[in-house]
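Coordinate analysis (summary)
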Protein chains: 2
Amino acid sequence: MSQRILRVGIVQQVATTVVADNLARLSQNISALASQGANLIVLQELHNTPYFCQTENVCQFDLAEPIPGPSTDSFSALARQHNVVIVSSLFERRSAGLYHNTAVVFDSDGSIAGKYRKMHIPDDPAFYEKFYFTPGDMGFNPIDTSVGRLGVMVCWDQWYPEAARLMALAGAEILIYPTAIGWDMNDTPDERLRQLNAWQTVQRGHAVANGLPLVAVNRVGHEYPESLQPSDPNSGIRFWGNSFVCGPQGELLYVAPSDTPDAHIVNVDLNRSEDVRRIWPFLRDRRIDDYQHITKRFRQ
Amino acid sequence: MSQRILRVGIVQQVATTVVADNLARLSQNISALASQGANLIVLQELHNTPYFCQTENVCQFDLAEPIPGPSTDSFSALARQHNVVIVSSLFERRSAGLYHNTAVVFDSDGSIAGKYRKMHIPDDPAFYEKFYFTPGDMGFNPIDTSVGRLGVMVCWDQWYPEAARLMALAGAEILIYPTAIGWDMNDTPDERLRQLNAWQTVQRGHAVANGLPLVAVNRVGHEYPESLQPSDPNSGIRFWGNSFVCGPQGELLYVAPSDTPDAHIVNVDLNRSEDVRRIWPFLRDRRIDDYQHITKRFRQ
C-alpha cells in the first residue's frame, strides 16, 4: 500500500507564570514547525498557563475562557496563517461554576474542527483536577480534519484502554494526547523510572491493541505550587517531558528529552495501520458478545 | 503494606512430536521448580504436543482429550505430589465436532480449581486456530486457588485490553497467559523485533492499566508444519520464547531467552498492586457511563 505521510510537529515547552510569554513561544514554535513542513502540530496540556492544579484555589478559575474565545481566536489565526492543523488544550469556561479541560482542534483554514472534553479526571496530591474540571460529556469521538480523523484525548485518558478503543472503533486514524505528567522528586529514582516507563508503555500498548500510531506531548520543567518557589527543592512537579510518537506496532519513532523544551517533526505513515491490521486483525476477533461487563464499576 | 510473595515458576519448552517426551520434560521441570519453592507453575500453550495448527488436518483432532481426562489426571497428580498450583493448557474434546483451547488450573491438593476456554481465536497463515478451536463460552472469569485469584487467559487473548480489564474487574490478582507465538523467518529482522516488542508491550500495558502483575509463558524452538522438516529452513514457526513476568507498573521482573528452554522462578509480591492502585487509582475514574459502545463491532 502506498504511503500517506503525516508530518507531525510536537511542541514540548516550559510554562512560566506569564501567559503572554507562553503564548509567544507557542506561536514561534508553531511557525517554525510549519515552515519545516508540519501538517499537524500537537501542543501540551494546558499550554497557556502553569499547571495550576497543584493547589485548589477559586481565583484560578479566572484562567478559564469560553470556547470560542480569545485563545481559540488566536490559535485559529495561527492555523490559518501557517496552513496547519493544530491540537490545542484549553481551560474551558462553559458557564459559571462549570469548567472543562478541553482539547480544541483547528483545521488548516482556521476553523474549529472540533473539541474534546477530557473524560477521565484525576485527583492525586498536586493534581487536584476534580476541583477544577467537570468530567467531559461529549463522549469518545474523533475529530475530522483535512489531514485525517484525529482521536484526540487528554492526559489521564491515556491510562484507559477503553478510551483508545472507543476512538479506534469510531474510525480514528491516530491517537493524540496532550498531557501534563511529572515526577514527585521525593520518590526514589527507581520509582520515577517505573512511572515514566509505565506511562510510555500503556500508551504504546494502546497503539498495538488498536493498530494505530500515537502522539503524546508532555510539559517539561519544574513547576512549584502556585508558582511560588519554596525552600524545598523537592516540592512541586518535575514535568518529565519525553513527548513521543510511536507507530501502529507501538514502535517508537521519536522520544523528546526529559529536561529541555523541544519542537520536532516526526513522519507518520497513516497507511501503515492497514498493513499492520491485516497481519494482526484484532478488530475481527473481538468478543463483543461478552464485553458487556466493561460498563460495570467492578464485578464483585 | 506487608508483602505477599508468590513464587511463580515458568516452564518454556521445545515441543517434539513425541507426546511422552514432552510430558516427561514437563514433569521434570515441575518437580525441579517445586523443589526450589515455586507456589505456582505456569506452562506454555498446548504444551503436550507440537503446535499442530500450522495446517488444517482433521486427523489432528485425535490429539484432543476430554476434561477431566488422561492429561488432567496426570497434572492433577503432579500438583498434589509437589503441593503446587499448576496452570496447564490443553486441547479439549468437549463433544464430537466441538473442541476448545482450554487452560486448566490445578490447585495444590490436585483438584481442578477451574478452567478457561480461550475466548479470542486467531486465524493467520500457519496459525489456523479457527479450524480447531470453538471460541470459549465461559466468559472472562478468574479462577480461585489457594495461592490467589488467577486471571488465566490464553495467547491471542493477550492482545485484547477488554479481556484483561474484565479479569481485573472480577478481582483477578494476577494475569496469566500460556502462549504460542513466533516468527515467520521470511520477515525482516526489523519486523521480527517490532513484533516481539509489540507482544511484550501490549501485555505490560495490561499490567499498567489494571495495576496487576502479569505472567506470559511462550514456546521456544522451530516447529515445521506437521513436524515434517522441509528443505526451506524459513518455513514453519520459530517460537520466540521470551516468556516474561512483570509487576503492576509493567516493570519487567524476568525475561526468558529467545532460543533456549527455560525453567525459572520469579518472586511476585501480590500486595504491590494495592500500593500501585493507591497512587494510580484508574478503577476509581473509569467512565462506565460512556463505555457502552465497546460492545459494538465498529462505530461507523
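Here, the structure is the one placed above.
Attention in this report is confined to the structure presented alongside it. Source: prediction; values computed, not measured.

Attention shifts here to the overall build of chain A. Per the secondary structure count, chain A includes 6 helices and 15 strands. In terms of overall dimensions, chain A is globule-like: its C-alpha atoms have a radius of gyration of 19 Å, near the 19 Å expected for 300 residues. Taken along its principal axes, the extent of the C-alpha atoms in chain A is 55 × 55 × 40 Å. Counting all 300 residues of chain A, 62% fall into the buried class. Partitioning the contacts of chain A with sequence separation of at least 6, the portion at a separation of at least 24 is 68%. Summed over all atoms, the accessible surface of chain A reaches about 10,500 Å², with 51% contributed by carbon and sulfur. Placing the 26 positive and 33 negative side-chain charges of chain A at their respective mean positions leaves the two points 7 Å apart.

Bringing the pairing of strand 2 (residues 40-43) of chain B into the picture now. All names here are of chain B. Side chains Leu40 and Val42 of strand 2 all project onto a buried face; the interleaved residues Ile41 and Leu43 project onto the opposite face, where all are buried too. For strand 1 (residues 5-12) and strand 2, the ladder comprises 4 bridges, and the chain directions are parallel. Bridge assignment links Gly9 to a residue of strand 2, and that residue is Ile41.

With that settled, consider the packing of aromatic side chains. Residue and element names in this part refer to chain A. Inspection of every chain in the model, using the stated rule, returns 50 aromatic pairs over all chains. A ring pair is formed by Phe52 and Phe133, whose centres lie 6.1 Å apart and whose planes are at 65°; its orientation type is edge-to-face. Of this pair, Phe52 sits in the loop between strand 2 (40-43) and helix 2 (70-82) while Phe133 sits in the loop between helix 3 (129-132) and strand 6 (143-145), placing them 81 residues apart in sequence. Since its relative accessible area comes to 5%, Phe52 is described here as buried.

This part takes up empty space enclosed by the protein. Summed over the entire model, instances satisfying the criterion amount to 3 cavities of 30 Å³ or more. Along its surface, the largest cavity is lined by Pro161, Val202, Gly205, His206 and Ala209 of chain A together with Pro161, Val202, Gly205, His206 and Ala209 of chain B. Breaking the lining of the largest cavity down by element, the ones donating at least two residues are helix 5 (189-210) of chain A together with helix 5 (189-210) of chain B. Of the residues belonging to the lining of the largest cavity, the class tally is 6 nonpolar, 4 polar and no charged.

All right, on to the nonpolar core then. Within the largest apolar cluster, 122 residues are counted, with the highest numbers of intra-cluster contacts made by Leu40 and Trp159 of chain A together with Leu40 and Trp159 of chain B. The residues touching Leu40 of chain A, leaving out its near neighbours within four places in the chain, are Leu6, Arg7, Val8, Gly9, Val84, Val85, Val87, Val147, Leu150 and Ile176 of chain A.

Looking now at the relation of the copies chain A and chain B. Note on the copies: chain A fits chain B at an RMSD of 0.0 Å, the axial shift is 0.0 Å, and the rotation between them is 180°. Classification of the inter-copy transformation places it as that of a two-fold axis. Among all residues of chain A, the minimum C-alpha distance to the rotation axis is found for Gly205 of chain A, at 2.5 Å. Taken together, the interface assignments show that 100% of the residues at the interface of chain A recur at the interface of chain B, consistent with an identical surface on both copies.

For the pair helix 4 (residues 161-169) of chain A and helix 4 (residues 161-169) of chain B, the least separation of the axes is 10 Å and the interaxial angle reads 145°. Considering how the two elements wind past one another, helix 4 of chain A and helix 4 of chain B form a crossing that is left-handed. Between helix 4 of chain A and helix 4 of chain B, the contacting residues are Pro161, Glu162 and Arg165 of chain A on the first element and Pro161, Glu162 and Arg165 of chain B on the second. Considering only residue class, the contact of helix 4 of chain A with helix 4 of chain B consists of 2 nonpolar, no polar and 4 charged.

In this structure, the largest pocket spans a volume of roughly 610 Å³. As for the largest pocket, its lining consists of 31 residues, of which Ile279 of chain A together with Asp124, Pro125, Phe127 and Gln195 of chain B are closest to the centre. Secondary-structure elements contributing two or more residues to the lining of the largest pocket are helix 6 (272-279) of chain A together with strand 9 (182-183), helix 5 and strand 12 (237-240) of chain B. Taken together, the residues of the lining of the largest pocket break down into 17 nonpolar, 6 polar and 8 charged. If you add up the space inside the second largest pocket, you get close to 520 Å³. Lining the second largest pocket are 25 residues, with Asp124, Pro125, Phe127, Gly182 and Asp184 of chain A sitting closest to its centre.

Scoring rules and cut-offs
Residues numbered from 1 in each chain as written. Chains lettered and ligands numbered in written order. Predicted model: local features only at pLDDT ≥ 70, side-chain atom pairs only at ≥ 80, totals over all residues. Heavy atoms only, no water. Helix = DSSP H or I, 4+ residues; strand = E, 2+ residues; numbered from the N terminus. Rg over C-alpha atoms; globule rule 2.2 N^0.38 Å. Buried < 20%, exposed > 50% of the residue type's maximum accessible area, 1.4 Å probe, protein only. Contact = heavy atoms within 4.5 Å. Areas by Shrake-Rupley, 256 points an atom, 1.4 Å probe, with all protein chains shown as cover. Lys, Arg positive; Asp, Glu negative; His and termini not counted. Charge placed at Lys NZ, Arg CZ, Asp CG, Glu CD. Pairing = 2+ DSSP bridges. Phe/Tyr/Trp six-rings, centres within 6.5 Å; stacked < 30°, edge-to-face > 60°. 1 Å grid on protein atoms, 1.4 Å probe; cavity = no way out; pocket = protein on both sides within 12 Å on 5 of 7 lines; lining within 4 Å. Points joined across faces, edges and corners; volume = space filled by probe spheres on them. Nonpolar A, V, L, I, M, F, W, Y, C, P; charged D, E, K, R; others polar. Core = buried A, V, L, I, M, F, W, Y, C linked by side-chain atoms within 4.5 Å. Least-squares fit on C-alpha atoms with pLDDT ≥ 70 in both. Axes fitted to C-alpha atoms, helices over the stretch in contact; angles between N-to-C directions. Left-handed = near helix turned anticlockwise from the far one by under 90°.

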